[in-house]
Protein chains: 2
Amino acid sequence: MRNIRLDVCYDGTRYSGWQRQTSHDNTIQGKLETALSRILSEPIEISASGRTDTGVHAIGQVVNFHTDAAMDCTELLAQLRRYLPEDIGIYSCREVSPRFHARLNALEKTYRYRVWNSELPCVFERRYVAEMPEKLDVEAMHEAAQLFLGTHDFSAFCANRKMKKSTVRTIKAFSVERVGEEIHFTVTGNGFLHNMVRILVGTLIEVGRGEREMDSIPMLFGAKREQAGFLAPGKGLCLMEVRY
Amino acid sequence: MRNIRLDVCYDGTRYSGWQRQTSHDNTIQGKLETALSRILSEPIEISASGRTDTGVHAIGQVVNFHTDAAMDCTELLAQLRRYLPEDIGIYSCREVSPRFHARLNALEKTYRYRVWNSELPCVFERRYVAEMPEKLDVEAMHEAAQLFLGTHDFSAFCANRKMKKSTVRTIKAFSVERVGEEIHFTVTGNGFLHNMVRILVGTLIEVGRGEREMDSIPMLFGAKREQAGFLAPGKGLCLMEVRY
């Protein structure tokens, strides 16, 4: 069987997240699987590097699937682009080694969280930013972000309170910077728990507001969900890149 | 009576253009007048620097209106922001000289037209660009754009074929440049006829495709609509700035 890799982007605004639901298919996985199954005339199941939640976007999502179909990748790419809605885009389509698995082989992921931190209206970027016009201390948030670097138990940053698997993850880089009217939180790690990036950002925003002491951050490792910050809204988040 | 100036931006995607229609109010003027009339409890009529067509956007639209209401501008701005939909934004609200008129006093306007000139998907910018993935000669288009500079009869670039008023306008600057996956057409003039920017862009795109000789452009001054290029789609156009 052939193994095909797709590099995908999407505006998550009108979807119930990545993962296909049994009852309906208003998901990005659902749209892609339906398109691929029709184009290739066989049921296609795809694996992504990871799920994204409702309203979350992706510029660099990576997926793969297996097929017996003979259609070449150029033709498949052209048909996919014709078939998919305008808020799901395909950067590339190529045959890869049979052993490549989009989720299991992912070594590193980078997410960006965009906050619109301005009194000015954000009409054109409104789907891709979380609006927080209040005063935020960007330097303090950047400094606090560095305390997350390294390998820690991120149990307090996991939406799943009954997580049975390991909640240990490694964060390799984490920057917070002002870009025009926005603040960008850019984090790279070997993997992220459910809602982890949005809870990390919520925690840093509490530091930026002066509501949380930076020194208390190391005490959050291995702690309970209640001790970490709020869940920042989904629409500000974008999966930027997956490295293999 | 007080004279109030608003600096406004909007995503024109879901509106039938700027100008209020008698039958329904799915227009930006309609939304603004309805909001202002309710907030100030009196019927408000606004004048804009100019109309924009269906699907056309604005970053720097300027409007003014007269009112007897005493509400201060800070409060009015806050209420407008609360009342207006998320695709219409207000940058500023201030009292100006009684003689200021957004349309009659406009000296210069700048429009930008964005073409997505790439095989890559344009998921995130899709509402604000016209997709034209074909090969386009940017240098030739820029050179041709310079032939429009100066004061000319732009009758061939006017959608209104029975225009009774003067079709003479002055173009002060016109650049065509590649910006990443996009080509930006940026034009400044003392005023523009109905659809003029979109027909200028359509004409330049024909030059960029190699379908139209650059040398023929001066022959378009004072010519008929048929002789100029096609009408480029509305969604790529944005009113950037009005100078007074």
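Being a predicted model, the structure only gives us computed values, none of them experimental. (Residues numbered from 1 in each chain as written. Chains lettered and ligands numbered in written order. Predicted model: local features only at pLDDT ≥ 70, side-chain atom pairs only at ≥ 80, totals over all residues.)

Asks: Got a minute to help me understand the overall build of chain A in this structure?
Replies: Across its full length, chain A carries 4 helices and 10 strands. Written out in order from the N terminus, the α and β elements of chain A read β-α-β-β-α-β-β-β-α-β-β-β-α-β. Radius of gyration (C-alpha) of chain A: 19 Å, near the 18 Å computed for a compact globule of 244 residues. Taking all 244 residues of chain A together, 36% fall into the buried category. Counted over contacts in chain A with a minimum sequence separation of 6, partners at least 24 positions apart contribute 72%. (Helix = DSSP H or I, 4+ residues; strand = E, 2+ residues; numbered from the N terminus. Rg over C-alpha atoms; globule rule 2.2 N^0.38 Å. Buried ≥ 20, exposed ≤ 12 C-beta atoms within 10 Å, placed from the backbone. Contact = placed C-beta atoms within 7 Å.)

Asks: Honestly, the relation of the copies chain A and chain B in this entry has me stumped. Any pointers?
Replies: The operation linking the two copies of the chain is a rotation about an axis combined with a translation along the axis. If you rotate chain A by 180 degrees and push it 0.0 Å along the axis, it lands on chain B with an RMSD of 0.0 Å. The transformation relating the two chain copies, once decomposed into turn and shift, fits a two-fold axis. Within chain A, the C-alpha atom positioned nearest to the axis of rotation is that of Glu 125 of chain A, 4.6 Å from it. Looking at the interface residues of chain A, 100% of them are also at the interface in chain B, so both copies use one shared face. (Least-squares fit on C-alpha atoms with pLDDT ≥ 70 in both.)

Asks: So what exactly am I meant to see when it comes to the nonpolar core here?
Replies: In terms of nonpolar packing, the biggest core is built from 126 residues, with Leu 204 of chain A together with Leu 204 of chain B touching the most fellow members. When near neighbours in sequence (up to four residues on either side) are disregarded, Leu 204 of chain B contacts Met 141, Ala 144, Ala 145, Val 176 and Phe 185 of chain B. (Core = buried A, V, L, I, M, F, W, Y, C linked by C-beta atoms within 7 Å.)

Asks: Honestly, the interface of chain A and chain B in this entry has me stumped. Any pointers?
Replies: Accessible area lost upon the coming together of the parts serves often as the stated size of an interface. Contact with chain A, which involves 15 residues of that partner, is made by 15 residues of chain B. Elements with a contribution of two residues or more to the side of chain A that touches chain B: β1 (2-10) and β4 (88-96) of chain A. Broken down by element, the side of chain A that touches chain B gets its largest block of residues, 4 residues, from β4 of chain A. For the side of chain A that touches chain B, a count of residues per class yields 10 nonpolar, 1 polar and 4 charged. (Nonpolar A, V, L, I, M, F, W, Y, C, P; charged D, E, K, R; others polar.)

Asks: How should the domain arrangement of chain A be read in this particular structure?
Replies: Residues and elements named next belong to chain A. Examined at the domain level, chain A breaks down into domain 1 (2-96) and domain 2 (108-243). Each of domain 1 and domain 2 was reduced to a C-alpha centroid, and the two centroids are 27 Å apart. At the junction of the two partners, domain 1 supplies 15 residues and domain 2 supplies 11 residues. Here the residues of the side of domain 1 that touches domain 2 sort into 4 nonpolar, 9 polar and 2 charged. (Domains from an automatic or database assignment.)

Asks: Looking at this structure, how should I read the confidence of the model for chain A?
Replies: Parts of the model with low pLDDT should not have their predicted coordinates read in detail. Across chain A, the average pLDDT comes to 96, with 99% of residues at or above 70. With a pTM of 0.92, the predicted complex shows an ipTM of 0.89. (pLDDT = per-residue confidence, 0-100.)

Asks: Just checking my understanding: could you explain the pairing of strand β3 (residues 57-67) of chain A for this structure?
Replies: For a regular strand, the rule is simple: side chains alternate between the two faces of the sheet. All names here are of chain A. Pairing of β1 with β3, which is carried by 8 bridges, proceeds in the antiparallel orientation. The residue of β3 that forms the bridge with Asp 7 is Val 62. As judged from the 3 bridges shared by strand β2 (residues 46-48) and β3, these two strands associate in the antiparallel manner. When the bridges of β3 are listed, Ala 48 appears paired with Val 63. As defined by bridge partners, β3 adjoins strand β10 (residues 237-243) across 2 bridges and the pair is classed as parallel. Considered in β10, the bridge of Ala 58 is made with Leu 239. (Pairing = 2+ DSSP bridges.)

Asks: Sorry, what's going on with unusual backbone geometry here?
Replies: Excluding glycine, residues mostly carry a negative phi; peptide bonds, for their part, are mostly trans. Residues and elements named next belong to chain B. One non-glycine residue with positive phi stands out, namely Ser 41, at about 55 degrees. By the element assignment, Ser 41 lies in the loop between α1 (28-40) and β2 (46-48). We note that Asn 195 has phi near 70 degrees; this positive angle belongs to a residue other than glycine.

Asks: What should I look at first to understand the pairing of strand β1 (residues 2-10) of chain B in this one?
Replies: Two strands pair when backbone bridges link them, and β1 of chain B and strand β4 (residues 88-96) of chain B are joined in this way by 8 bridges, in the antiparallel orientation. Residue pairing for β4 of chain B: Arg 5 of chain B is matched across the bridge by Arg 94 of chain B.

Asks: I'm lost on helix α4 (residues 196-208) of chain B in this one. Help?
Replies: An α-helical turn contains 3.6 residues, so any two residues separated by three or four positions project in the same direction. Residue and element names in this part refer to chain B. In a regular helix each residue adds 1.5 Å, so 13 residues correspond to 18 Å; α4 covers 18 Å between its end C-alpha atoms and thus fits that length. Taken across its 13 residues, α4 has 12 buried, putting it largely inside the fold. Buried residues of α4: Met 196, Val 197, Arg 198, Ile 199, Leu 200, Val 201, Gly 202, Thr 203, Leu 204, Ile 205, Val 207 and Gly 208, and no others. On its buried face, α4 is in contact with β5 (108-116), α3 (138-146), β8 (168-179), β9 (182-189) and β10 (237-243). Gly 210 sits one or two positions beyond α4 and adopts a positive phi of about 80 degrees. (Expected span 1.5 Å × (residues − 1).)

Asks: Could you clarify how one ought to interpret the packing of helix α3 (residues 138-146) of chain A against helix α4 (residues 196-208) of chain A in this entry?
Replies: When two helices pack together, you describe them by how their axes are tilted relative to each other and by the distance separating the axes. Residue and element names in this part refer to chain A. It is at 8 Å that the axes of α3 and α4 come closest, and there the two elements cross at 135 degrees. Judged on the interaxial angle alone, α4 and α3 are oblique. The chirality of how α3 crosses α4 is right-handed. For the pair α3 and α4, contact is made by Val 138, Ala 140, Met 141, Ala 144 and Ala 145 and by Leu 204, Val 207 and Gly 208, respectively. (Axes fitted to C-alpha atoms, helices over the stretch in contact; angles between N-to-C directions. Parallel < 35°, antiparallel > 145°, perpendicular 65-115°, else oblique. Left-handed = near helix turned anticlockwise from the far one by under 90°.)

Asks: When you look at the environment of Phe 154 of chain A in this model, what are you seeing that I'm missing?
Replies: All names here are of chain A. Its place among the elements puts Phe 154 in the loop between β7 (150-153) and β8 (168-179). A tally of 27 C-beta atoms within 10 Å means that Phe 154 is categorised as buried. Note: C-alpha distance between Phe 154 and Leu 220 (66 residues apart in sequence) is 7.8 Å. Among residues more than four places away in sequence, those in contact with Phe 154 are Thr 167, Arg 169, Leu 193 and Met 196.

Asks: Would you take a moment to explain the environment of Tyr 128 of chain A for this structure?
Replies: Tracing the backbone through its elements, the reader meets Tyr 128 of chain A in the loop between β5 (108-116) and β6 (130-131). For the pair formed by Tyr 128 of chain A and Asp 11 of chain A, sequence separation is 117 residues and the distance between their alpha carbons is 8.2 Å. Excluding residues within four positions of it along the chain, Tyr 128 of chain A makes contact with His 57, Arg 114, Lys 235 and Cys 238 of chain A together with Phe 124 of chain B.

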